[in-house]
Amino acid sequence: MKPSQREGVKEIMQAMAYKDTMVGEELERLQLLRELFTAVPDEELLGRLVKQAEHDEAFQRLARLAREETKEILAAEWMRLFEGPGRFPVVLFGSYYLDGGKLMESSTLATRQFYRQYGMEPVANIPADHLAYELGFLGYLTASADMAVDAGGREEFLAARSEFLYRFMLAWTTKMVRVLRESTTIPFFLELGELLLFVIQQMEQKSM
Amino acid sequence: MKELSRRKFIGGSAAAIAAVGFWASGSYAFADGAKKFTDSDPEQAVLGEEKVIYTSDAFCASECGLKVTTVDGVISTIYGNVHVPYNAGTVCAKGSSGKQVVYNPYRLKYPLIRTGNRGEGKFRRASWEEAAKYIAERLEKIKKNYGPESVIMDGGDMTDQTPYWRLFYYYGTPNCAQHGAICDTPRRLGPYLVEGGMRIEPDLMRPALVRQPDGTLKNDFTYKNKLIIYVGWNPFTATRINYESRGTVAAKQNGAKVVVVDPAFCNTAVHADKWLPIRPGTDPDLFAAMLRYILTNNNSSNSERRYIDSGYLDYSIGWPEFETEFRSWWDKKDPVNNLPYFSLEWAAERTGLVAEDIAELAHTFGITKPAALIWGMNGTGHHFNGEVTSVLGTVLNVITGNFDVPGGVIDTALVRSDKGGNDGTDYIKGKVIERVVNGKTITGKSWDLQLDNNGDWPAAFWGALGAYPKQFKDGVKIAYGPFAGYTYPIKGFFVRGGNPAASASTVQRWNEVLTAKEASGDYKTELIVYVDTAYLETGLYADVILPEASYFERMGLSDIYPSEPVMYLRDMVVPPLYEAKNQVEIMNLLAKALHDAGDSDIQGKDFWDKYKKEEDFWNEMLRKAPGRNNVGVPLPYPQYPEGYKILGTPDSLESRQVTIDHDKKVVQGQPLTAEWLRANKGVAVWPMAWYRHMAKSGGIISTKSKKMEFHFGALDAVNKLIQQSGGKVPYMLQQIGLSQFPTTFFWYETVWNPYTNSKYANYKQEYPFQLTSGRIHQSMSATQYVDWLGRISGEHLWMPLNEEKIVYPTVLNEKGVETLSGQKKIRAGTWSIAVIQMNASDARKLGLISGDLVRLRNPMGEETQGRIMASEFIRPGVLRIPPGAGNRFTPGMGQTYEYRQTTPSSNRLLDPDLSSAITGMSSYNDMVVKVLKV
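Residues numbered from 1 in each chain as written. Chains lettered and ligands numbered in written order. Predicted model: local features only at pLDDT ≥ 70, side-chain atom pairs only at ≥ 80, totals over all residues.

### Focus: the overall build of chain B
Link 1 in the chain: A tally of helices and strands in chain B yields 28 helices and 44 strands.
Link 2 in the chain: Its C-alpha atoms give chain B a radius of gyration of 28 Å, near enough to 30 Å, the size a compact globule of 934 residues would have.
Link 3 in the chain: Counting only C-alpha atoms, chain B reaches 100 × 70 × 70 Å along its principal axes.
Link 4 in the chain: Of all 934 residues assigned to chain B, the portion counted as buried reaches 59%.
Link 5 in the chain: Contacts in chain B between residues far apart in sequence, at least 24 positions, make up 69% of those at least 6 positions apart. (Helix = DSSP H or I, 4+ residues; strand = E, 2+ residues; numbered from the N terminus. Rg over C-alpha atoms; globule rule 2.2 N^0.38 Å. Buried ≥ 20, exposed ≤ 12 C-beta atoms within 10 Å, placed from the backbone. Contact = placed C-beta atoms within 7 Å.)

### With respect to unusual backbone geometry
Link 1 in the chain: In this chain, Gly84(A) is followed by Pro85(A) through a cis amide linkage whose omega measures 15 degrees.
Link 2 in the chain: Summarising the element assignment, Pro85(A) is placed in the loop between helix H5 (71–83) and helix H6 (94–98).
Link 3 in the chain: For the peptide bond that leads from Arg206(B) to Pro207(B), omega is 5 degrees, which places it in the cis range.
Link 4 in the chain: With respect to the element layout, Pro207(B) can be found in the loop between strand S9 (200–202) and strand S10 (208–211).
Link 5 in the chain: Here Arg656(B), not a glycine, exhibits a phi torsion of approximately 60 degrees, which is positive.

### What about helix H25 (residues 713–724) of chain B?
Residue and element names in this part refer to chain B.
Link 1 in the chain: Here H25 contains 12 residues, and its C-alpha end-to-end distance of 17 Å stays within 8% of the 16 Å for a straight helix at 1.5 Å per residue.
Link 2 in the chain: Listing the buried residues of H25 in full gives Leu715, Val718 and Ile722. End-on, the buried residues of H25 take up no more than an arc of 55 degrees, which puts them together on one face. Residues of H25 that are exposed and angled more than 90 degrees away from the buried face: Lys720, Gln723 and Gln724.
Link 3 in the chain: Where H25 is buried, its residues meet helix H7 (185–195).
Link 4 in the chain: Following H25 by one or two positions, Gly726 adopts a phi angle in the positive range, close to 105 degrees. (Expected span 1.5 Å × (residues − 1). Arc of directions from axis to C-beta.)

### Quick notes on the confidence of the model for chain B
Residues and elements named next belong to chain B.
Link 1 in the chain: Per-residue confidence for chain B averages 91 on the pLDDT scale, and 93% of its residues sit at or above 70.
Link 2 in the chain: Segment residues 1–17 is flagged for pLDDT under 50; beyond a separation of four residues in sequence, or across chains, it makes 24 contacts in the model.
Link 3 in the chain: Across residues 25–33, confidence stays below pLDDT 50; counting only partners more than four residues off in sequence or on other chains, it has 30 contacts. (pLDDT = per-residue confidence, 0-100.)

### Considerations on the confidence of the model for chain A
Close reading of the predicted structure is inappropriate where its pLDDT is low.
All names here are of chain A.
Link 1 in the chain: Overall, the predicted model of chain A reaches an average pLDDT of 86, with 88% of residues at or above 70.
Link 2 in the chain: Confidence, expressed as mean pLDDT per element, reaches its minimum in chain A at helix H1 (residues 4–16) with 46 and its maximum at helix H4 (residues 60–68) with 96.
Link 3 in the chain: Counted against residues more than four places away or in other chains, residues 1–13, with its pLDDT under 50, gives 22 contacts.

### Here we look at the nonpolar core
Link 1 in the chain: In this structure, Ile135(B), Phe168(B), Ile229(B), Met290(B), Ile374(B), Val529(B) and Leu590(B) are the most contacted members of the largest nonpolar core, which totals 324 residues.
Link 2 in the chain: Broken down by element, this core gets its largest block of residues, 11 residues, from helix H8 (residues 131–147) of chain A.
Link 3 in the chain: Each residue touching Ile374(B), except ones within four places of it in the same chain, is listed here: Ile200(B), Glu201(B), Pro202(B), Ile228(B), Ile229(B), Tyr230(B), Val231(B) and Trp233(B). (Core = buried A, V, L, I, M, F, W, Y, C linked by C-beta atoms within 7 Å.)

### Looking at helix H14 (residues 386–399) of chain B
Residue and element names in this part refer to chain B.
Link 1 in the chain: Taking 1.5 Å of rise per residue, 14 residues should cover 20 Å, and H14 covers 20 Å from first to last C-alpha, within 8% of that figure.
Link 2 in the chain: Taken across its 14 residues, H14 has 14 buried, putting it largely inside the fold.
Link 3 in the chain: The first or second residue beyond H14 is Gly401, which carries a positive phi of 75 degrees.

### Some thoughts on the sheet that holds strand S31 (residues 683–685) of chain B
Hydrogen bonds between backbone atoms are what pair the strands of a sheet, whose relative direction is either parallel or antiparallel.
All names here are of chain B.
Link 1 in the chain: Read from one edge of the open sheet, 3 strands run S25-S26-S31, paired in antiparallel fashion. Taken across any chain shown, the strands that pair with only one partner, and hence form the sheet edges, are strand S25 (556–558) and S31. Taken over all neighbouring pairs, the strand axes of this sheet differ in orientation by 20 degrees on average, direction set aside.
Link 2 in the chain: Across 3 bridges, S25 lies against strand S26 (residues 566–570) in antiparallel orientation. Along S26, the bridge assignment pairs Gly556 with Arg570. (Pairing = 2+ DSSP bridges. Axes fitted to C-alpha atoms, helices over the stretch in contact; angles between N-to-C directions.)

### Digging into the environment of Pro85(A)
Link 1 in the chain: Take Pro85(A): there are 27 C-beta atoms within 10 Å of it, and that puts it in the buried class.
Link 2 in the chain: The contacts of Pro85(A), once residues within four sequence positions are left out, are Leu108(B), Leu112(B), Gly121(B), Phe123(B), Tyr535(B), Gly539(B), Ile545(B) and Gly892(B).

Shown next as structure tokens:
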């Protein structure tokens with residue numbers, strides 16, 4: 001992954017001075033998870049994981065487990081689990097779990113419709129219910145709530161976040177993590193699944 | 001929808017950008033991120049919009065015209081395009097499953113570079129730039145060390161490989177191949193030699209656009225056929241010719257009789273008036289007996305015996321020579337049965353049919369006009385002696401007056417629209433090169449290094465892809481042409497849309513050559529690139545995998561086997577998902593990488609500057625359409641001179657917006673473009689005519705003499721080349737006892753057939769079954785990666801006979817590969833798999849029932865394993881297996897992969913050293929086996 005492509009996030013975080021706030025931590029968590037589910041973790045990303053763990057207890061175990069594996073094993077297992085080529089075990093698209101093993105079905109369209117209600121449209125040529133998009137959208141709603149000019153706006157965004165988690169993300173990520181548990185013995189990836197559930201379930205509780 | 005205003009909820013603009021920024025940022029896979037709408041964003045206006053796009057299928061090479069609806073940019077429905085006469089609104093299960101190709105979770109998404117050994121299937125994700133640079137640098141190294149001819153480009157089994165051929169011809173290799181080479185070249189040989197064509201089909205494509213006496217054009221839906229004989233040809237299950245299944249039913253309803261000659265009671269036989277269960281590999285025996293019967297019993301003054309229409313003598317040459325040679329066999333006795341060649345008794349003995357049935361078939365074919373004698377791609381074209389069959393079949397249709405008459409047969413290759421020109425063939429044929437041969441510097445053309453035509457297969461007009469493992473292993477030895485004596489190794493293999501590792505006749509050898517190493521430990525084949533949407537077996541061996549846009553995500557042209565010129569567009573229905581690219585983009589990207597790596601043969605003017613958009617490439621091809629002469633009855637364009645070449649859109653030709661060049665004899669209308677096709681339901685149809693071969697002013701016959709040739713000028717020319725180069729007899733000709741290519745009637749026996757070839761007679765007892773393949777349209781090399789198609793059963797070849805299976809996930813950890821406890825059960829009988837079709841009485845004798853697992857062993861000791869389907873629908877002594885469908889060892893095949901141990905690969909049991917003598921086609925249907933219960 002090219003460092004320059006991450007600059008945007010960093011700058012945003014700094015400009016918003018979110019680093020030490022609760023919202024800032026949530027966004028950092030989402031961003032990190034999102035990248036861990038997007039491509040093979042490289043050294044730069046694993047370095048950021050270590051940094052995250054320094055101030056975020058939830059990520060400490062994952063950071064430790066990452067150190068226990070070689071880079072090659074992490075890379076090979078990531079490809080085997082999430083990308084293939086071929087019939088890989090863990091599909092990261094929501095509709096695979098919600099629409100009987102198919103992509104771009106009604107749940108994908110419903111997800112996209114939900115994004116659109118908030119003025120967002122994914123334009124990369126990847127179905128809109130990829131886990132990384134959904135995590136990004138959670139971050140967007142979180143940041144939007146935080147920046148809302150009045151309490152009504154904030155409530156509206158939090159309610160949207162809760163609805164999105166309930167209707168879409170939790171419905172399939174729990175299934176996905178169950179498959180992940182059965183598909184790997186490498187502790188890093190088992191923990192990655194548990195951490196994902198922990199982070200989004202915690203957000204759901206906060207939204208309530 | 002909630003009425004949310006962004007301004008209301010989000011503070012100042014910097015914060016708004018920041019929130020959006022979070023969403024949009026991320027790794028390169030999501031580099032494009034997302035964009036936000038504004039109220040005036042035009043995309044807001046198209047939300048929920050329904051769009052109709054006319055395109056064409058390419059999941060198989062049938063390429064049916066399709067009408068696809070997208071809702072909000074997502075494919076919603078797939079129907080046949082009613083405006084394309086080839087399929088006239090119909091579409092098969094495979095065609096309508098296209099959504100599951102595009103939105104398949106397991107499709108190839110990103111460029112990949114190998115990290116493990118070849119065959120292991122371990123890869124890492126790479127950027128396009130890195131992958132292109134990797135490929136270009138290795139191609140340049142090969143070019144420098146061995147010459148560009150050391151690279152083979154295999155365009156695979158789709159027809160829009162043209163951009164890849166262009167790239168590799170400009171790179172400098174003359175060795176661009178495609179699937180046609182292993183499809184049915186023996187079936188095409190007869191039409192090729194006699195009329196310069198390729199595919200004889202019955203006149204069944206309806207509607208036909210016909211010029212009326214009042215000058216208007218009207219769609220004609222009438223069927224004029226009276227008799228159709230299908231020999232080893234199964235349009236209801238196996239064919240790629242869409243109109244033949246519905247056309248056969250319609251013609252039958254209109255009074256036509258249908259006869260099916262096939263060892264299996266196939267789905268076409270179900271619709272037939274008569275089924276003749278012939279012994280495999282004896283189709284030419286039947287045709288030769290029919291021809292002898294017709295020549296013997298023809299009586300022009302007796303309407304009950306007027307078989308021959310002597311009009312063909314006006315537009316053909318060499319008939320007396322052909323007939324004399326054919327008759328010269330009549331007094332010889334066949335050593336197998338001591339009967340005179342081509343007599344009814346001789347044919348009955350060999351084919352297993354009754355002599356009276358053969359006589360009746362010959363007589364009925366002779367007196368019924370119009371009639372069509374059709375021989376198959378799979379059934380006859382895959383036999384070693386399919387070349388003999390196709391010559392005799394062509395002759396029978398021509399001398400009985402059924403060629404290009406209404407209701408007769410049409411050589412579709414001679415009447416289809418032109419779409420050629422920019423694949424770089426002209427460039428490579430004209431490129432002057434030097435090579436040092438035996439110490440002397442020789443000047444010639446790049447084309448003179450072509451591995452087939454200057455090597456083992458000088459007469460292979462479509463290449464000899466099936467024999468390539470030999471060239472990988474031993475290198476290419478140029479035997480003919482200016483470079484005779486030159487040798488070079490094969491060092492690069494670029495395969496797109498093909499899968500020789502599972503579907504060739506020599507799968508073991510492909511594995512062997514693609515993984516062979518030098519003493520140094522380096523792979524002998526220095527570069528293997530695999531380009532496709534699906535991850536098939538050949539991909540396992542690749543150094544680099546490039547994800548190609550699926551057929552709904554790219555453009556192309558279709559003009560498959562129509563009776564009149566038709567051209568339809570493959571259009572982009574949705575933009576490519578993930579990082580897949582279309583073939584023009586891949587061509588340009590690799591061309592630029594080669595240029596940057598120092599290849600001076602590759603210039604922007606021929607690639608990225610010339611074809612700035614995908615559409616530019618296809619528009620250049622469309623300028624040649626339809627490119628057919630104004631000939632036949634009724635004359636397609638009575639307003640223009642007869643015999644002139646017609647170019648341009650149908651509407652401009654009708655409205656006389658043309659220029660006429662009387663010197664060149666060309667009528668040029670407005671050039672056809674993709675834009676015109678989009679505005680006209682995706683298709684251009686030009687008028688139909690018949691009797692197009694009779695035109696004195698330049699008909700459709702494409703032989704050098706412009707007449708039908710019963711003395712084969714094409715093979716004369718090859719013999720001349722061989723003589724000029726020292727006279728080395730190609731090794732396969734030696735095998736069948738010939739010293740040069742035959743230039744008129746010829747006869748040789750098929751291989752591995754103990755019933756017709758005395759060389760193999762001693763295998764009859766120990767290996768009592770003839771092994772043939774039966775093509776199932778929805779279970780081909782790539783199709784089962786759409787799970788839906790895996791569930792559909794077909795013709796006792798592809799049946800839900802799967803065993804219950806717990807799918808164990810396998811994981812990689814620090815200890816290596818570890819198998820985990822079960823997670824998924826596939827219930828028995830729920831999933832169709834490739835099976836071995838066996839006659840029920842044979843099964844009873846062997847104590848077998850459907851579902852039993854057996855091993856098949858051939859005389860060379862090769863084995864494959866599969867389940868028996870005991871069936872009344874196959875001739876005793878014959879086993880049928882779908883080709884390339886079992887033993888699928890790539891995880892890219894989905895659930896079919898789980899049954900790789902219990903599904904048979906007939907491809908493993910074939911004789912890799914025997915390819916058809918003239919065309920170099922693998923002998924997919926010639927083997928004997930014994931059955932061993934597991």
